[in-house]
Amino acid sequence: MINQETIQRIMDATRIEEVIGEFVSLKKRGANHIGCCPFHNEKTPSFNVSPSKGIYKCFGCGESGNAVGFLMKHEHYTYPEALRWLAKKYNIEVEEEKLTEEQIERNNERDALFHVSEFAQKYFASLLYENEMGTAVGLSYFHSRGLTDKVIKDFGLGYCLDEWENFTRHALANGYSENVLKKTGLTIFKDDGKTYDRFRGRVMFPIYSVSGRVLGFSGRVLSKEKQAAKYVNSPDSEIYNKSHILYGLYQAKNAITRQDKCYLVEGNIDVISMYQSGVENTVASCGTSLTVEQVRLMRRYTKNVTVLYDGDSAGIKAAFRAVNMLFEEGMHVRVVLFPDGDDPDSYAQKYGSTQLQDYLRDNETNFILFKTKILSADIKGDPIRKAEVLSDIVRTVALVPDLMERTEYVTQCASLLHIPEETLQNELAKTLNRKLYESLNHKPDEGDKDLADNGAQPELQAKEQAKEQAAMKPVTPFMINPAQSQENKIISLLLNYGNEVIAIPSSPGTQATPQNDGGEAAAEKYTVAQIIVGELLNDQLAFVDPVCQLIFNEYAKRLNDGETSVDTQIFVEGENQQVRDTVISMMMDEYTVSDKWREKHIHVPTKEERIGMDVQESLLTLKIKNLYIKIDDIDRQFPYLTDDNERLILISQKMQLMNLKQKIGAALNRVIS
Ligand SMILES: [Zn+2]
């Protein structure tokens, strides 16, 4: 609840090199400061901090962000926590937004829920040692599972007596209201006015927040009653949302950071058992299938996760879907399969902690290859099943962000499935293109309008054809698209020089600046961003790379809204991690205005002139590449046409495009020679 003005004051005062300097020893080198990266292990410094741009980037592991991002990543702060840390460092008084009465009431209620949960945890824990039944039933159960008293305390385990309302009466006697007992779900209130303890007769596993507050419980039944559910969990409440919590994270977080790795298991007891065996970096999803919020929570501590499966193949296949989500969130996923009939807990009990640790180390394998092996086992010569398996695996491979890694998987999976590599490569290209198409929000093919507008007879027919043509256009994998480096160059110009005012002479195909009568260049002054956005919007050019498109869209939106300069910090602080990483890389790579202009001209061009020429060259090159694509499309479409009129329209369109291409080509020659 920090108000916007305060946030701005904090950001203005923050010097990134001072902030990072508190955790990393930095040396000044040129405009930047460099040091050894705190996020990966290195001896030669590749961690760069740019004071002028307010960002950092490690060229070793790719970690990057601004000062707030650094604190969130390094200290595991939430966004407000990071802001408060900075405010304290720079002596800025934090003005909290005034709370409404409703908010105050809600805060009070949250506090009450926290209090009663903590009270309940302490009570249940004390019963293990101070109550005859608690010791005889609860404590002996935990001991029978091989848990030590230390671990029982570390996880705050307890027991709820097998009486109808022992806990409820105890809580009411201690001044807790019926309302909070009801809201936490600790007590169930029946319509007939009767009340009873939700967890009666169960051993209790409290569920902690990251900072160690009790949020809710998971209770395991001990009686042999058939109709009782094995586990009962607290219902969601103001403080407990099971899809946002990882069981064991509070106890595991330091070990996860230290080892830069997290084990994901199924049950609470597995977490505790692993912890006791010395594998402390273990968590479980809390009685739900894994959610995206849980993955993001995990990613705050590490990007490396190893999923542990017990050897039941139906269960393994059911869990594959959750793993796709791990990939989507950019995690590196590995897997360990336990021998048939064993889970982490039973394995640890049977063989002890040393052997468990050895087993984990020796049996960890790559997830995609693991999945391929499991699924290929049930193809058994069925061609339809084989096609299903193929597309299932390709969907997962497509989630891997790294091109080299993807290529490697294609080779390995193809050999496991006994199919040609090209088949898998083609499937993958199709999937990637589909994803790209979806991420561009079903943007219509950029050729549609242009072809119709430039055509001699802008008939409906031509539009229809263009649409059909878009549909039958064969897909090319976007990773080898030649326009991509050109796109990067344009975005890099936007980010590094977008707000510089330059003069740019007009040229064919460029309409943002007016031309005077003599055809001489009229040197109107615009910002680089205005020129680039104007030109691309005018020509309806879309980017192939979705990240470039997102960045461009943001510029276009802001300029349209009347902003004259765009602050690149909006991307650095933004939500989208891919955008953030791309922007920071481009800003750190320091776009250098080409020096070739100096050699080609007699008079030494000013920086402004050189930027102007770079902008013009980039725009013209992008346009000409786009024309090549359009002309290519027409050529491809031509043989399918049977109607002579349609052929004529297409020929005339092609002539127009060729003409334009020639003009732009000539202009480009003038710029670069
Ligand atoms: Zn690093």
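Preceding this section is the structure that the text describes.
First things first, this report covers the structure right here in the doc. Computed from a predicted model, the values in this text were never measured in an experiment.

1. Thoughts on the overall build of the chain
From N to C terminus, the chain includes 29 helices and 19 strands. For the chain, restricting intrachain contacts to residue pairs at least 6 apart in sequence, the fraction spanning at least 24 positions comes to 67%. Within the structure as shown, the chain displays about 34,100 Å² of accessible surface, and the carbon and sulfur contribution to it stands at 49%.

2. Observations regarding the coordination of the zinc ion
Around the zinc ion, the protein contributes the donor atoms Cys37 (SG), His40 (ND1), Cys58 (SG) and Cys61 (SG), which lie 2.1 to 2.3 Å from the metal centre. In this structure, the zinc ion is coordinated by 4 donor atoms arranged in tetrahedral fashion, with angles at the metal of 103 to 118 degrees. Read in sequence order, the donor residues for the zinc ion give the motif C-x2-H-x17-C-x2-C. On the accessibility criterion, Cys58 (0% relative accessible area) is buried.

3. Overview of the sheet that holds strand β12 (residues 246-247)
Strands pair in a sheet through their backbones, by hydrogen bonds, and they do so in one of two ways: parallel or antiparallel. Strand order in the open sheet formed by 6 strands is β12-β14-β13-β15-β16-β17, with mixed pairing between adjacent strands. A single partner strand is all that each edge strand has here, and the edge strands are β12 and β17 (365-366). With 3 bridges connecting them, strand β13 (residues 262-265) and strand β15 (residues 304-309) associate as parallel partners. Along β15, the bridge assignment pairs Cys262 with Val305.

4. Considerations on the sheet that holds strand β5 (residues 64-66)
In spatial order, the strands read β1-β2-β3-β4-β5; together these 5 strands make up an open sheet with antiparallel pairing. Only two strands of the sheet have a single partner each, and these edge strands are β1 (27-29) and β5. Neighbouring strand axes in the sheet, compared pairwise and without regard to direction, differ in orientation by 25 degrees on average. Along the sheet, helix α3 (residues 67-74) makes contact with β3 (47-50), β4 (55-58) and β5, crossing β5 at roughly 120 degrees.

5. Structural notes on the pattern of salt bridges
Going through the model one piece at a time under the given rule, you end up with 21 salt bridges. Between Glu63 and Lys73 there is a salt bridge, and its shortest N-O distance comes to 3.8 Å. Of this pair, Glu63 sits in the loop between β4 and β5 while Lys73 sits in helix α3; the two residues are 10 residues apart in sequence, bridging distant segments of the chain. For Glu63, a relative accessible area of 16% puts it in the buried group. What emerges from the salt-bridge pattern is a single network uniting Lys261, Arg334 and Glu364.

6. Re α3
Every α-helix winds through 3.6 residues per turn, so residues three or four apart in the chain are directed the same way. Every buried residue of α3 is accounted for by Ala67, Val68, Phe70 and Leu71. Projected down its long axis, α3 carries its buried residues within an arc of 160 degrees, all on one side. Where the residues of α3 are buried, they touch α1 (4-13), α2 (16-21), β3, β4, β5 and α4 (79-89). Looking one or two residues beyond α3, the residue adopting positive phi is His76, at roughly 55 degrees.

7. Re the packing of helix α5 (residues 101-130) against helix α6 (residues 132-144)
The N-to-C vectors of α5 and α6 enclose an angle of 100 degrees; their axes lie 6 Å apart at closest approach. When the interaxial angle is binned, α5 and α6 end up roughly perpendicular. Across the interface between the two elements, Leu127, Leu128, Tyr129 and Glu130 of α5 pack against Glu132, Gly134, Thr135, Gly138, Leu139 and Phe142 of α6.

8. Let's talk about the packing of helix α11 (residues 268-276) against helix α14 (residues 344-351)
Two measures define how a pair of helices packs: the angle their axes make with one another and the distance between the axes. Interaxial distance between α11 and α14 falls to 8 Å at its minimum, and their mutual angle equals 35 degrees. For the pair α11 and α14, the crossing hand works out as left-handed. Counting all contacts with α11, which are made through Ile269, Asp270, Ser273 and Met274, the residues of α14 involved are Pro344, Asp345 and Ala348. Looking at the contact of α11 with α14 residue by residue, the classes come out as 4 nonpolar, 1 polar and 2 charged.

About the cut-offs
Residues numbered from 1 in each chain as written. Predicted model: local features only at pLDDT ≥ 70, side-chain atom pairs only at ≥ 80, totals over all residues. Heavy atoms only, no water. Helix = DSSP H or I, 4+ residues; strand = E, 2+ residues; numbered from the N terminus. Contact = heavy atoms within 4.5 Å. Areas by Shrake-Rupley, 256 points an atom, 1.4 Å probe, with all protein chains shown as cover. Donors = N, O, S within 2.8 Å, 3.2 Å for Na, K, Ca; no water. Tetrahedral: all angles 85-135°; square planar, octahedral: opposite > 155°, others 65-115°. Buried < 20%, exposed > 50% of the residue type's maximum accessible area, 1.4 Å probe, protein only. Pairing = 2+ DSSP bridges. Axes fitted to C-alpha atoms, helices over the stretch in contact; angles between N-to-C directions. Salt bridge = Lys/Arg side-chain N within 4 Å of Asp/Glu carboxyl O. Arc of directions from axis to C-beta. Parallel < 35°, antiparallel > 145°, perpendicular 65-115°, else oblique. Left-handed = near helix turned anticlockwise from the far one by under 90°. Nonpolar A, V, L, I, M, F, W, Y, C, P; charged D, E, K, R; others polar.

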